[in-house]
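Listed below, chain by chain, are the residues.
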Amino acid sequence: MHLTPNQNIILIGMPGCGKSTVGVLLAKALGRGFVDTDLLLQAHSGHLLQQIVDQDGIDAFLRQEEQTLLTVAPGGQVVATGGSAVYSEKAMAHLKKGGKVVYLRLPLDEIQRRVQNIATRGIAMGPGQTLADLYRIRIPLYEKYADLTVDCAGQTLEQTVQALCAALGMACAQMRTQN
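Trainee: Can you explain the nonpolar core? Please cite residues and give values.
Mentor: Generally speaking, a soluble globular protein has its nonpolar side chains buried in company with each other. Ranked by size, the top nonpolar core spans 47 residues in total, and within it I9, I12, L26, V102 and L104 carry the most contacts. Elements that contribute at least two residues to this core include exactly β1 (8-12), α1 (19-30), β3 (78-80), α5 (89-97), β4 (99-105), α7 (131-145), β5 (148-151) and α8 (157-168). Setting aside chain neighbours within four positions, we find I9 in contact with L3, L26, L30, R32, Q77, V78, V79, K100, V102, L168 and M170. With 6 residues, the next largest nonpolar core counts L41, I52, V53 and F61 among its residues.

Trainee: Which residues make up the packing of aromatic side chains, and what values go with them?
Mentor: For the structure on display, the rule yields 1 aromatic pair. Aromatic side chains Y103 and Y142 sit 5.2 Å apart centroid to centroid with 25° between the ring planes, which places their arrangement in the stacked category. One end of the pair, Y103, is in strand β4; the other, Y142, is in helix α7, with 39 residues separating them in the sequence. Residue Y142 is classed as buried on the basis of its relative accessible area of 0%.

Trainee: Can you break down α8 residue by residue, with the values?
Mentor: With 12 residues, α8 extends 16 Å from end C-alpha to end C-alpha; this agrees with the ideal 16 Å at 1.5 Å per step. Those residues of α8 not exposed but buried are T160, V161, L164, C165 and L168. Along the long axis of α8, the arc covered by the buried residues comes to 140°, so they all point the same way. Tucked into the core, α8 has its buried residues touching β1, α1, β4 and β5. Just past α8, the residue G169 takes up positive phi, approximately 70°.

Trainee: Break down the pattern of salt bridges for me, with residues and values.
Mentor: Opposite charge on two side chains lets them pair, provided their charged atoms get close. One pass over the full model with this rule turns up 6 salt bridges. Notably, a salt bridge pairs R114 with E110, separated by 3.3 Å at the nearest N-O pair. Residue R114 and its partner E110 are located together in helix α6 (residues 108-114), separated by 4 residues, close to a single helical turn. Judged by its relative accessible area of 35%, R114 falls in the partly exposed class. Measuring nitrogen to oxygen at the nearest pair gives 2.6 Å for the salt bridge that ties R136 to D133. Separated by 3 residues within a single helix, R136 and D133 lie in helix α7, roughly one turn from each other. Relative accessible area serves as the criterion here: at 55%, R136 is assigned to the exposed category.

Calculation criteria
Residues numbered from 1 in each chain as written. Predicted model: local features only at pLDDT ≥ 70, side-chain atom pairs only at ≥ 80, totals over all residues. Heavy atoms only, no water. Core = buried A, V, L, I, M, F, W, Y, C linked by side-chain atoms within 4.5 Å. Buried < 20%, exposed > 50% of the residue type's maximum accessible area, 1.4 Å probe, protein only. Helix = DSSP H or I, 4+ residues; strand = E, 2+ residues; numbered from the N terminus. Contact = heavy atoms within 4.5 Å. Phe/Tyr/Trp six-rings, centres within 6.5 Å; stacked < 30°, edge-to-face > 60°. Expected span 1.5 Å × (residues − 1). Arc of directions from axis to C-beta. Salt bridge = Lys/Arg side-chain N within 4 Å of Asp/Glu carboxyl O.

Take a look at the structure:
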């Protein structure tokens, strides 16, 4: 995949797949800036994601998320989106114009192991919905918008970053884990 220096690398995927954590490491390995759209949304709204969901409802949360995503400009950054970014066709079209979309794929059982704070994490899900429900709804959307898919199952963060670099055809700086 050819990526120009000004194009963003946009990470999509389920909550818990590692978009934010892997995104920071990828940005460091490539010498690029990093943007987390969940943090932008919190900064713009002045509220935590879960507060927006609880106080204003899911529809309001998704509208605010879409507005935040539409502010992301090309600039050669790594962009970690919220898991529900793919609900907005308008936002995804905007992001795709400014970069390449990479779906970090992870099996449901691994997501369920990783996401323990479902009630406080700020996940756009309705009453009675489970992670399994979201998985069934969102996977086709992630696949629809992805320019590239990287499997993250059973990998360390460093292995995922190296797999991303390889898939993007980019040379990454070697990372050393701090212990």
